[in-house]
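Inside the fold
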Amino acid sequence: MTKISIDILLAVGEKGGVENVVNQNALYLQKQGFQVRVIQLVWEGVRWVSEAIPFFPLLEGRGTYSLNQFAASYTEFLSTREKPDIVLATACPIMVVTAKMAAAKLNFHCKIAAWLHAPVERYVAAGFGGLECLEKADSILVLNEKTKNIIHAHNPALRTMLVNNPVNFTRCSLHANVSWENRTLLFVGRLSVEKRIDVILHALHLAHTSWQLILIGDGDERNRLEALTASLQLQERVHFTGWKSNPYAYITKASAMVMASEYESFPLSAIESLACGIPVISTPVDGIIELIRPGVNGFLYPSGGSSELAVLLDSLASGKLPRISPETCRESVAAYEEQQVLADFSQKLTQVLDKISVIIPCYNVEKQLSRCLDSVLNQKLHGVEMEIICIDDKSTDNTLHILEDYESAHSEYFLLIPLSENKKQGYGRNTGMQYASGSYITFVDADDAISPEMLQQLYDEAAARNCDVVECAYKEIHDGDALSVSGSGLPECFDMRNSSVKRKYILQYGWKTAPWGRLYKSSFLADNEIYFPTDLYMEDIYFSERCMLLMSSYSRIPQTHYFYCINESGVMFGESILRHYMHTAQIQNKTTETVMEQALINDCRSEYAYLHFSKAFAEPVQRMFLDERFFSYDNFMYLKESLLHFFPDILENPYVKNDRSPEMLLYKELLDRDYAEPLLRERLLRFSESLQ
């Protein structure tokens, strides 16, 4: 499979905590084999992205840009470059819509994952989109439970996952001698309005004890904060260092990290401080209340509460509050260890990709199995994952050993399920569906093969049109035949909610009931409880006809990608067919009974009746007059009585009535007249001789 390509799309970026996290994740994804680009829509000349990551700034200079301008800029960028499989829309919700508009304009399919770094209400207040934008994302990555709960309350169907910010513990060495006696507070971050550093400055002014404050960072608020520091006569105690690549070189001087933010999702500086063994004093913003346990690894005070912070500082200085263990601080953020978090983020990000579950029931196919498995393993896939589920139906030859070897060699996406007794193919396929984790399912028979392009082309069509079922053409292959793709042209699409379209489909494609050569949406099969009968052969009739009548949309691509390899030792060939040929009629009768009970053929009764007639009467009767070994009077009477039970007016069916072929004239005669066994045998023999 080809590499997965990821665009990290963001509106703005400079030096800060969010950008650090983006860099860490981008570098990790790249090392894991992903193709990663960072696309920044508005750029002010600051290169914050690692030199190892391709970086594309699109609009230079700060200004007021509209959503349409963002979308047009990204569209223009993509128009001459490789399209991404995933767009990681960071950090504001409007980036989701930007990516969606670009994909629609260029008519390509990709998955969009939103990655939020602030509370949703802050994005709304700033005009950067809200929950309505997140509706268009395929998954949403958030940093705290509060945001996750807000999104879930808005729409439980939205796929929202919690991720952590990674902390490089190797640069956060444990500071074991934390002491309130140092009376030094550390702030690390962007000097911006929402950080409310003015609250901290006023608290220092109000406190009866003298505290130092080291401010590491830069931003638009620096000049105003320096002026406020001077007006409060704190110049000797407040130190502006500017931006530092390694702020934790200052950690040995700090008694605590201090924050006064109006909002935060999950501040990286707080996590890194705790990793160094330094407690955190903060306002109770979203991520902080999940991180800080008062008196254990830090303290909380009210938002905007300069006086409350001053009292807290005095209490710490006087020893009224407990000493906090550096080891406890570090242990409280163990779950944020860099490699663990990056691996989790990568896994959750790629979960946005669709997966195809390839289900292969296997029974005594040692001679053909490797050809089949190799054809599946050789799929040229991008932007979609694959799992292979093989069910061994208690084979008595070397099939199980071959499967075990393949599972050992391809354990990352190969699952073997050995059954303890022979259960037939329908049971095997049902078992595979129970284990399938993919959003799409396909079936491959173990003695067949598929082209390297089959799954990608079926998936592209299914994703582009949101089809319940997509099918390709197939070709019968004998020993020595080349497995070559053929056919050309555009897909043929059916809106099966339209009765006339459904009737057309039944007449054109209803006969083909083999489940292979198709890609099914997993939710479609699950929601409609579509499965295979397990007690008879020809179980695919029940499965495929229910799909036919329940699917809302179907598409058929004309290219031949499935190779139906003739296996003369199989059930459909040789002597075994003598024992099983009546299963077609029995399964068809079972299917018709079910679809009538569920009222699925009210708008296509004539077409479905003709299909039933063809499978459950004409086909087995044809076997009887073409080969006398198949003749059975009891079987014939079962076929006739069953057909007339379901469709007593079958002779008035327009597709039967208007067909004047010799075979159809015979079938109508057999239905219209009653024959004793000797006369029936003689009539079929005479008709067979007339064909020679």
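You'll find the structure just up there.
Heads up: these notes are all about the structure in this document. (Residues numbered from 1 in each chain as written. Predicted model: local features only at pLDDT ≥ 70, side-chain atom pairs only at ≥ 80, totals over all residues. Heavy atoms only, no water.)

**Some words on the overall build of the protein chain**
To keep things clear, this is the line we draw: A run of H or I in DSSP becomes a helix once it reaches four residues, and a run of E becomes a strand once it reaches two; helices and strands are each numbered from the N terminus. With the radius of gyration taken over C-alpha atoms, the globule rule is written as 2.2 Å times the number of residues to the power 0.38. For the exposure calls, accessible area comes from a 1.4 Å probe over protein chains only, and a residue counts as buried if that area is under 20% of its type's maximum, exposed if over 50%, partly exposed in between. The contact criterion used is simple: two residues touch if any of their non-hydrogen atoms lie within 4.5 Å.
What the protein chain contains, in helices and strands, is 27 helices and 22 strands. Whereas a compact globule of 692 residues would reach a radius of gyration of roughly 26 Å, the protein chain reaches 34 Å, over 25% beyond that. Here the protein chain holds 692 residues, and 55% of them are scored as buried. Residue pairs at least 24 apart in sequence account for 76% of intrachain contacts in the protein chain once pairs closer than 6 positions are excluded.

**Points about empty space enclosed by the protein**
Note the threshold: Cavity: a set of points on a 1 Å grid over the protein atoms alone where a 1.4 Å probe fits but cannot get out. Pocket: an open set with protein on both sides within 12 Å along at least five of seven lines, its lining residues, like those of a cavity, having an atom within 4 Å of a point. Grid points are joined across faces, edges and corners, and a volume is the space filled by probe spheres set on the points. Three classes are used, and their members are as follows: Ala, Val, Leu, Ile, Met, Phe, Trp, Tyr, Cys and Pro are nonpolar, Asp, Glu, Lys and Arg are charged, and the others, Gly among them, are polar.
Applying the stated criterion to the full structure yields one cavity of 30 Å³ or more. For the largest cavity, the calculated volume is near 70 Å³. Around the largest cavity, the lining comprises 13 residues; the ones closest to its centre are Tyr505, Lys512, Arg518, Ser544 and Met548. For the lining of the largest cavity, the secondary-structure elements that each account for two or more residues are α18 (499-509) and α20 (540-550). Per-element accounting of the lining of the largest cavity gives the leading share, four residues, to α20. Grouping the amino acids of the lining of the largest cavity by side-chain chemistry returns seven nonpolar, three polar and three charged.

**Quick look at the pairing of strand β21 (residues 518-521)**
For clarity, the threshold we go by: The rule for pairing is simple: two strands pair if DSSP sees at least two bridges between them.
Residue alternation in β21 divides its side chains into two sets, Arg518 and Tyr520 and Leu519 and Lys521, and both sets are buried. With two bridges joining them, strand β17 (residues 440-443) and β21 adopt antiparallel strand pairing. Its bridge partner lying in β21, Ile441 is registered against Tyr520. Summarising the sheet, strand β19 (residues 469-477) and β21 pair through three bridges and their orientation is antiparallel. Counterpart to Glu471 in the pairing with β21 is Arg518.

**Focus: the state of the cysteines**
Covalent bonding between the sulfur atoms of two cysteines defines a disulfide. Our working definition: Any pair of cysteine sulfurs within 2.5 Å is marked as a disulfide.
Here the structure, examined in full by the defined rule, presents zero disulfides. The thiol of Cys329 is not disulfide-bonded; the next cysteine sulfur, from Cys276, is found 10 Å away. Note on Cys329: relative accessible area 0%, which makes it buried. Cysteine Cys472 shares no disulfide, and the gap to the nearest cysteine sulfur, in Cys565, comes to 13 Å.

**Some remarks on the sheet that holds strand β4 (residues 86-90)**
Just so we agree on the cut-off: Every angle, taken between N-to-C directions, lies between 0 and 180 degrees, and every axis is a line fitted to C-alpha atoms, over only the stretch in contact when it is a helix.
Here seven strands make up an open sheet; going across it, the order is β3-β2-β1-β4-β5-β6-β7 and the pairing parallel. The strands lining the two open edges of the sheet, one partner per strand, are β3 (55-60) and β7 (160-162). Between one strand axis and the next, the sheet turns by 20° as a mean value, whatever way the strands run. Relative to β4, strand β1 (residues 5-10) runs parallel, the two sharing four bridges. Its bridge partner being in β4, Ile8 is matched across the sheet by Leu88. Most of the contacts of helix α6 (residues 145-154) go to strand β6 (residues 139-142), to which it runs at about 150°, and overall it touches β6 and β7.

**Quick word on the packing of aromatic side chains**
The test is simple: Note on aromatic pairs: the rings of Phe, Tyr and Trp (six-membered ring only in Trp) are paired at centre separations within 6.5 Å, and the planes decide the class, stacked below 30 degrees, edge-to-face beyond 60, tilted for the rest. Should the NZ of a Lys or the CZ of an Arg lie within 6 Å of a ring centre and within 35 degrees of the ring normal, that charge is described as sitting over the ring.
One pass over the full model with this rule turns up 32 aromatic pairs. For the pair Tyr610 and Phe613, a centre-to-centre distance of 6.3 Å together with 20° between the ring planes defines the contact as stacked. Of this pair, Tyr610 and Phe613 are both found in helix α23 (residues 605-626), three residues apart, which corresponds to roughly one turn of the helix. Taking the relative accessible area as the measure of exposure, Tyr610 reaches 23% and is therefore partly exposed. A relative accessible area of 1% places Phe613 in the buried class. Arg429 extends its terminal NZ or CZ atom over the ring of Phe443, reaching a point 6.0 Å from the ring centre. Residue placement shows Arg429 over the ring face of Phe532; its charged tip is 5.1 Å from the ring centre.

**Quick look at the pairing of strand β15 (residues 384-392)**
Convention followed: Crossover handedness is defined by viewing with both strands directed away from the observer: a clockwise path from the first strand over the helix to the second marks the crossover as right-handed.
Counted residue by residue, β15 has eight buried out of nine residues, so it is predominantly covered. In this sheet, β15 lies alongside strand β14 (residues 354-362) in parallel orientation, the contact comprising nine bridges. Bridge pairing in β15 places Pro361 opposite Ile391. Taken together, β14, helix α14 (residues 369-377) and β15 form a β-α-β motif whose crossover is right-handed. In this fold, the crossover linking β15 to strand β16 (residues 414-418) by way of helix α15 (residues 399-409) has right-handed handedness.

**A closer look at the environment of Phe543**
For Phe543, the position within the fold is in helix α20. On the basis of relative accessible area, Phe543 is assigned to the buried category, the value being 0%. Those residues within four positions of Phe543 in sequence are excluded, and the remaining contacts are Met433, Phe443, Pro515, Tyr520, Leu525, Ile530, Tyr531 and Phe532.

**A look at the packing of helix α2 (residues 67-79) against helix α3 (residues 94-106)**
Test applied: Oblique is the label for any angle not under 35 degrees, not over 145, and not in the 65 to 115 range, which are roughly parallel, roughly antiparallel and roughly perpendicular in turn. Crossing handedness: left-handed means the near helix sits turned counterclockwise from the far one by under a right angle, and right-handed means the same turn made clockwise.
Between α2 and α3, the shortest axis-to-axis distance is 8 Å and the interhelical angle comes to 50°. As far as their axial angle goes, α3 and α2 are oblique. α2 and α3 meet at a crossing whose hand is right-handed. Residue-level inspection shows Leu67, Asn68, Phe70, Ala71, Tyr74, Thr75, Leu78 and Ser79 of α2 in contact with α3, the latter providing Ile94, Met95, Val97, Thr98, Ala99, Met101, Ala102, Lys105 and Leu106.

**Some points on the pattern of salt bridges**
Basically, it comes down to this: Here, a salt bridge means any side-chain nitrogen of Lys or Arg that lies within 4 Å of a carboxyl oxygen of Asp or Glu.
Going through the model one piece at a time under the given rule, you end up with 30 salt bridges. Note that Lys146 is salt-bridged to Asp286, the shortest N-O span being 3.1 Å. Within this pair, whereas Lys146 is found in helix α6, its partner Asp286 is found in helix α10 (residues 286-291), the two being separated by 140 residues in sequence. Assessed through its relative accessible area of 8%, Asp286 is described here as buried.

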